[in-house]
Amino acid sequence: MRDFSQDHRWLSINTATVRQQHGVDWPLLDILDACAARGIRAVSPWRDQVAAAGLQATARKLQDHGIELSGYCRGGMFTYTDAARRQASRDDNKRALDEACTLNAPCLVLVVGGLPGALAGRAAHRDIQGAREQVTEGIAALLEDARERHMLLAIEPLHPMYAADRACINTMAQALDVCDALDPDRTGALGLAVDLYHVWWDPTLAEQITRAGTARLLAFHVCDWLTPTTHLLEDRGMMGDGVIDIPRIRALVEAQGFAGYSEVEIFSRSNWWQRDGGQVLDTCVERHRSCV
Ligand code: ZN
């Protein structure tokens with residue numbers, strides 16, 4: 001297992017971690033400057049942040065600083081109620097792929113969607129199995145577009161508490177079943193983003209990491225699970241402040257050959273988003289060395 005204690009060359013910052021300090025959006029280009037000033041070599045930005053900064057301006061800034069991406073957030077949201085929405089999802093995912101290519105991302109991260117309408121507050125139906133079938137169909141179609149562009153797709157299984165509104169793929173096993181169905185030859189075109197916040201509790205985690213193997217371990221997201229957790233989405237903890245045995249799980253993915261970035265992804269409205277962004281980045285560097 002790599003020694004992270006001496007430097008932070010394998011630290012990546014998911015830019016949602018510092019997206020809105022004290023309630024004010026921290027512009028992506030400024031985040032990139034602050035990362036560069038700290039020797040942070042990689043980030044994973046969100047599409048809305050890139051759109052606000054400008055795609056070309058973001059690409060130039062990344063190049064100027066020599067910062068690379070550990071992923072691009074995000075595509076997905078494949079479930080639909082009618083043909084028009086299905087087409088809209090497909091078109092939007094193609095745009096996400098093109099952006100990911102422009103930014104030289106290693107993969108497009110997929111949050112697959114839940115029951116259509118649920119995220120807006122009113123689910124169109126209760127057929128989660130049907131939603132899962134739409135997701136598999138959506139990924140299959142997107143995989144063709146992704147292969148044309150030589151862009152990898154990373155399915156991110158989300159904790160079951162998000163099954164209704166954000167992602168009906170909730171375990172590593174489910175995500176790997178989709179990979180096995182759509183990419184049986186394990187070409188590496190389709191794999192997983194393993195976010196510890198979502199999968200740390202899974203009793204079959206070690207087994208699924210082995211099953212994924214290096215071909216399907218495309219991204220590794222870290223934060224911590226706080227006790228108590230006070231918000232379903234925006235109360236993630238800084239590494240070391242919660243109950244996830246991060247080094248143990250990192251050892252498992254590295255034993256499979258994963259040698260990429262450890263991407264810090266923390267949504268924290270009442271704590272880390274209320275601090276100075278530079279201080280948050282400094283803490284990420286320190287905890288990356290001591291707790292990851
Ligand atoms: Zn994640």
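All residue numbers refer to position in the chain's written sequence, counted from 1. Restriction of local features to residues with pLDDT of at least 70 applies here, the model being predicted, together with a cutoff of 80 or more for giving and counting side-chain atom pairs; totals for whole chains, interfaces and linings are based on all residues. In computing side-chain values, all of the structure's heavy atoms are included and hydrogens and water are not.

A closer look at the overall build of the protein chain
If you tally the helices and strands in the protein chain, you get 10 helices and 11 strands. Here the radius of gyration uses the C-alpha set of atoms, whereas the globule reference equals 2.2 Å times the residue count to the power 0.38. A compact globule built from 292 residues should have a C-alpha radius of gyration of about 19 Å, and the protein chain, at 18 Å, falls within 12% of that. If you line up the protein chain on its principal axes, its C-alpha atoms span 45 × 40 × 40 Å. Per-residue burial over the protein chain gives 53% buried out of 292 residues. Taking the contacts inside the protein chain whose residues are at least 6 apart along the sequence as the reference set, 80% of them involve residues at least 24 apart. Throughout, the Shrake-Rupley method with a 1.4 Å probe supplies accessible areas, and for residues the shown protein chains are the sole cover considered. Only carbon and sulfur atoms are counted for the fraction: they give 50% of the accessible area of the protein chain, which is about 12,100 Å². Of the side chains in the protein chain, 30 bear a positive and 39 a negative charge, and the two mean positions are spaced by 1 Å. The helix and strand labels rest on DSSP assignments: H or I over at least four residues marks a helix, E over at least two residues marks a strand, and numbering proceeds from the N terminus. Burial classes follow relative accessibility: with a 1.4 Å probe on protein chains only, a residue under 20% of its type's maximum area counts as buried, one over 50% as exposed, and anything between as partly exposed. Contacts: residue pairs with any heavy atoms within 4.5 Å of one another. For the purpose of counting charges, residues Lys and Arg are taken to be positive, whereas Asp and Glu are taken to be negative. His and the chain ends are not included. For charged residues, the charge sits on one atom: NZ in Lys, CZ in Arg, CG in Asp, CD in Glu.

Describing the coordination of the zinc ion
Counted as donors are the N, O and S atoms within 2.8 Å of the metal, or 3.2 Å for Na, K and Ca, while water is not among the atoms, so some sites may look incomplete. Within the first shell, the zinc ion binds the protein through Glu156 (OE), Asp195 (OD), His221 (ND1) and Glu265 (OE), at distances of 1.9 to 2.3 Å. Metal-centred angles of 83 to 146° between the four donor atoms at the zinc ion mark the site as irregular. Counting the intervening residues between successive donors of the zinc ion yields the motif E-x38-D-x25-H-x43-E. You can see glutamate 156 sitting in the loop between strand 8 (152-155) and helix 6 (172-182) and its partner glutamate 265 sitting in the loop between strand 11 (262-264) and helix 10 (277-291), a full 109 residues away along the chain. For the pair shown, glutamate 156 and glutamate 265 are each scored as buried. Working rule for geometry: tetrahedral if four donors all subtend angles between 85 and 135 degrees; square planar for four, octahedral for six, if opposite donors exceed 155 degrees and the others stay between 65 and 115; irregular in every other situation.

Quick word on the domain arrangement of the protein chain
Looking at the protein chain, the domain boundaries give domain 1 (1-69 + 223-292) and domain 2 (71-195). Contact residues are listed per partner, giving 19 residues for domain 1 and 18 residues for domain 2. Counting the surface lost from both domain 1 and domain 2, the interface buries some 1,700 Å², and carbon and sulfur atoms represent 58% of this. We define a salt bridge as a side-chain nitrogen of Lys or Arg found within 4 Å of a carboxyl oxygen belonging to Asp or Glu. Inspection of the region where domain 1 meets domain 2 yields three salt bridges. For aspartate 92, the salt bridge goes to arginine 47, with nearest N and O atoms at 3.0 Å. We define a polar contact as two N or O atoms separated by no more than 3.5 Å, with the added condition that, inside protein, one atom must be a possible hydrogen donor and the other a possible acceptor, whereas residues neighbouring each other in sequence contribute only through side-chain atom pairs. Connecting domain 1 to domain 2 are seven residue pairs in polar contact (both at pLDDT 80 or more). Among the secondary structure elements, those contributing two or more residues to the side of domain 1 that touches domain 2 are strand 4 (42-44), helix 2 (47-53) and helix 3 (55-65). No other element matches the five residues that helix 3 contributes to the side of domain 1 that touches domain 2. For every domain, the bounds stem from an assignment made automatically or drawn from a database. Accessible surface is computed with a 1.4 Å probe, and the buried area is the amount of it that two parts give up when combined, taken over both parts together.

As for the sheet that holds strand 10 (residues 217-222)
DSSP bridges decide pairing: two strands pair if at least two such bridges lie between them. Pairing is parallel in the open sheet, where nine strands are placed in the order 5-4-1-11-10-9-8-7-6. With one partner strand each, in any of the chains shown, strand 5 (68-69) and strand 6 (72-76) form the two edges of the open sheet. Axes, fitted as lines to C-alpha atoms, cover a helix only where it is in contact. Angles between the N-to-C directions of the axes lie from 0 to 180 degrees. Relative to the sheet, helix 6 contacts strand 8 and strand 9 (190-195), its axis offset from that of strand 9 by approximately 170°.

Some remarks on helix 5 (residues 128-149)
Look at helix 5: 31 Å from first C-alpha to last across 22 residues, which is about the 32 Å you get at 1.5 Å a residue. When helix 5 is considered as a whole, its buried residues turn out to be Gly130, Ala131, Gln134, Val135, Gly138, Ile139, Ala141, Leu142, Leu143, Asp145 and Ala146. On the buried face of helix 5, the contacting elements are helix 4 (83-102), strand 7 (107-111), strand 8, helix 6 and strand 9. Count one or two residues on from helix 5 and you reach histidine 150, which has phi positive near 55°. Here the expected span of a helix is defined as 1.5 Å times the quantity of residues minus one.

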